[in-house]
Protein chains: 2
Amino acid sequence: MPRASAEDAARTARSILDTATALFAESGFAAVALEDVAAAAGVTRGAVYHHYGSKRGLFAAVVAHLQERVASAVVAAADQAGADASAQLRAGCIAFLDAVTDASAVRTLLVDAPAVIGWAEWRQLDAEHSVVHLREALAAAGVTGALLEPLTAMLSGAMNDAALWLAGHPGDSAARAAAHRSLAILLDAALASAS
Amino acid sequence: MPRASAEDAARTARSILDTATALFAESGFAAVALEDVAAAAGVTRGAVYHHYGSKRGLFAAVVAHLQERVASAVVAAADQAGADASAQLRAGCIAFLDAVTDASAVRTLLVDAPAVIGWAEWRQLDAEHSVVHLREALAAAGVTGALLEPLTAMLSGAMNDAALWLAGHPGDSAARAAAHRSLAILLDAALASAS
DNA sequence: TTCCTTTACGTACAGGATGTATGTAAAACT
DNA sequence: AGTTTTACATACATCCTGTACGTAAAGGAA
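Under an unreviewed UniProt entry, the name given to chain A is TetR family transcriptional regulator, and the source organism is Agromyces mediolanus.

Now the structure itself:
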């Protein structure tokens, strides 16, 4: 069998990534066999191993891609929220909830990722993407050194669980509004703790 | 080969449970083979399947056992905190952090469990054990119906991530103090939101 | 006590999934 | 034009779960 051009190869890799993203989101990491991914993408497992090295490697690529999408949504929302730091924080958090739940990537990003790639590594990846802005916003608001780390971690955890809770109430605008209000309460408290 | 008395059988089951608890905490669910558990417990996989049915069944039993330990610690601390509801809440949360991190069960309870037994089921199990008291305390403090669920979920998530963060700073009393202060800030805000 | 059923395992086997080694043909560079 | 590297497919080794079956003793019934 032939070999594809560099362009076709990139397309193959992308196809595998998209297929894997959908299957992981639908069935979870453990229940998806690489054979399923390969078949759905129209290739064999050889192609998957060539491009991603291992099942975990493929999963890590999926996670990174999803995180980039979420992070860009957060940044865009924050940029659009004007110059006020706390307004940017609030807008970014809302955007995070929207992006994470809408992508139907909740399971992959928030449930499977910590278990598969390890909590510490996941935490670090997360910290480099979406959580940076949370941390920086808290720091800009004057949260002292000792509380910055734990408050960031706890608010991040609160938002993750809010997203998971929201994912269990799809299309429920009242639930979404309640989550936003709850989030505002906690964020205000964290910001107020600095002064 | 012989058969053991009912008493011996219970001891075997318990030995398997304890061994599995240690191995799951150390290496994570996916990296532990039932052969490892059986060998470390001095039996064969047959015994494991006899008592727990499947790998997930064994894991579920481990999770249930750990949750009971944590829950009893939370209840004991709350009972000892006097009659004030908010004081009970605070004491219970501190006890939760201590119990979860001390048991070296952070990984099993907070990282692996949602992925292995499914987030929804884990959430329900969690809600029936430790989170009940959080929800009841918030309700007793007058948190309205619409906010009760999301606030409970978010505070639970905040505490879980606080525990995970603390697990990364073992023996660091300054970190523990900072986590306690951060927790107090969020709890106070939630309680204050009711009035 | 004797018989029968059930329990508590051990053993052997089947199936599926990951990962690796190898083959191959075309693309890409020299 | 020749050589190397890329992009896969194929075949194989290995491991792990789960199940089927065997077995011997415990526990109750007669």
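### Let's talk about the relation of the copies chain A and chain B
If you rotate chain A by 180° and push it 0.0 Å along the axis, it lands on chain B with an RMSD of 0.1 Å. These values place the two chain copies in the arrangement generated by a two-fold rotation axis.

### Here's the deal with the UniProt feature "DNA-binding region" (unreviewed entry) in chain A
The UniProt feature table records "DNA-binding region" (unreviewed entry) at residues 33-52 of chain A. The span residues 33-52 of chain A is 80% helix and 0% strand, and its two end C-alpha atoms sit 14 Å from each other.

### With respect to empty space enclosed by the protein
Across all of its chains, the model carries 3 cavities of 30 Å³ or more by this definition. In this model, the largest cavity occupies a volume close to 250 Å³. Looking at the lining of the largest cavity, the elements that each hand over two or more residues are helix H6 (106-117), helix H7 (119-128) and helix H9 (145-167) of chain A together with helix H6 (106-117), helix H7 (119-128) and helix H9 (145-167) of chain B. When its residues are assigned to classes, the lining of the largest cavity shows 12 nonpolar, 4 polar and 2 charged. In terms of lining residues, the second largest cavity is bounded by Gln-67, Val-70, Phe-96, Val-100, Leu-109, Leu-110, Trp-122, Asp-126, Ser-130 and Asn-160 of chain B. Secondary-structure elements contributing two or more residues to the lining of the second largest cavity are helix H4 (55-79), helix H5 (85-102), H6 and H7 of chain B. Here the lining of the second largest cavity is composed, by residue class, of 6 nonpolar, 3 polar and 1 charged.

### Here we look at the packing of helix H1 (residues 6-27) of chain B against helix H3 (residues 45-52) of chain B
Residue and element names in this part refer to chain B. Where H1 contacts H3, the two axes come as close as 10 Å, and the packing angle between them is 100°. In terms of orientation, H1 and H3 fall into the roughly perpendicular class. In this structure, H1 contributes Ala-9, Thr-12, Ala-13, Arg-14, Ile-16 and Leu-17 to the contact, and H3 contributes Ala-47, Val-48, His-51 and Tyr-52. Tallied by class, the residues present in the contact of H1 with H3 amount to 7 nonpolar, 2 polar and 1 charged.

### Overview of the environment of Pro-170 of chain B
Inspection of the secondary structure assignment puts Pro-170 of chain B in the loop between H9 and helix H10 (173-192). Overall, Pro-170 of chain B belongs to the exposed group, its relative accessible area being 67%.

### Observations regarding the nonpolar core
Counting residues in hydrophobic clusters, the biggest one holds 132 residues, and the most contacted among them are Leu-58 and Leu-138 of chain A together with Leu-58 and Leu-138 of chain B. For Leu-138 of chain B, the residues in contact, after removing those within four places along its chain, are Val-143, Leu-148, Leu-151, Thr-152, Leu-155, Ala-190 and Leu-191 of chain B.

### Remarks on the packing of aromatic side chains
Under the definition given, this model contains 6 aromatic pairs over all chains. Aromatic pair Phe-24 of chain A and Phe-29 of chain A: ring centres 5.6 Å apart, planes at 35°, arrangement tilted. Seen from their ring centres, Phe-29 of chain B and Phe-59 of chain B are 5.0 Å apart, and the 70° between their planes marks the pair as edge-to-face. Remark: Phe-59 of chain B occurs in helix H4 and Phe-29 of chain B occurs in the loop between H1 and helix H2 (34-41); sequence separation between them is 30 residues. Summarising the burial analysis for this pair, Phe-29 of chain B and Phe-59 of chain B share the class buried. An aromatic cluster is defined as three or more aromatic residues linked by ring pairs; in this entry it consists of Phe-24, Phe-29 and Phe-59 of chain A. The ring centre of Phe-29 of chain A lies 4.3 Å from the NZ or CZ of Lys-55 of chain A, which sits over that ring.

### Side note on the packing of H6 of chain B against H9 of chain B
Residue and element names in this part refer to chain B. One way to put it is that H6 packs onto H9 with a least axis distance of 11 Å and a crossing angle of 130°. As the angle between them shows, H6 and H9 are arranged oblique. The element H6 and its partner H9 pack so that their crossing is left-handed. Facing Val-106, Leu-110 and Val-111 of H6, the residues of H9 in contact are Asn-160, Ala-163, Leu-164 and Ala-167.

### As for the domain arrangement of chain A
Residues and elements named next belong to chain A. Segmentation of chain A into domains returns domain 1 (1-53) and domain 2 (61-192). On the side of domain 2, 9 residues touch domain 1, which itself brings 11 residues to the contact. Approximately 800 Å² of surface area, both sides summed, lies buried where domain 1 meets domain 2, with 67% of it carried by carbon and sulfur atoms. Summed over the three residues of domain 1 that lose the most area to domain 2, namely Leu-17, Ala-25 and Phe-29, the buried surface amounts to 48% of that side. If you look at where domain 1 meets domain 2, you find 0 salt bridges. Looking at the side of domain 1 that touches domain 2 element by element, the count peaks at 8 residues for helix H1 (residues 6-27).

Here is what the cut-offs are and how they apply
- Residues numbered from 1 in each chain as written.
- Chains lettered and ligands numbered in written order.
- Predicted model: local features only at pLDDT ≥ 70, side-chain atom pairs only at ≥ 80, totals over all residues.
- Heavy atoms only, no water.
- Least-squares fit on C-alpha atoms with pLDDT ≥ 70 in both.
- UniProt positions renumbered as here; feature names shortened; annotations may be inferred.
- Helix = DSSP H or I, 4+ residues; strand = E, 2+ residues; numbered from the N terminus.
- 1 Å grid on protein atoms, 1.4 Å probe; cavity = no way out; pocket = protein on both sides within 12 Å on 5 of 7 lines; lining within 4 Å.
- Points joined across faces, edges and corners; volume = space filled by probe spheres on them.
- Nonpolar A, V, L, I, M, F, W, Y, C, P; charged D, E, K, R; others polar.
- Axes fitted to C-alpha atoms, helices over the stretch in contact; angles between N-to-C directions.
- Parallel < 35°, antiparallel > 145°, perpendicular 65-115°, else oblique.
- Contact = heavy atoms within 4.5 Å.
- Buried < 20%, exposed > 50% of the residue type's maximum accessible area, 1.4 Å probe, protein only.
- Core = buried A, V, L, I, M, F, W, Y, C linked by side-chain atoms within 4.5 Å.
- Phe/Tyr/Trp six-rings, centres within 6.5 Å; stacked < 30°, edge-to-face > 60°.
- Lys NZ or Arg CZ within 6 Å of the ring centre and 35° of its normal.
- Left-handed = near helix turned anticlockwise from the far one by under 90°.
- Domains from an automatic or database assignment.
- Buried area = accessible area lost by both parts, 1.4 Å probe.
- Salt bridge = Lys/Arg side-chain N within 4 Å of Asp/Glu carboxyl O.

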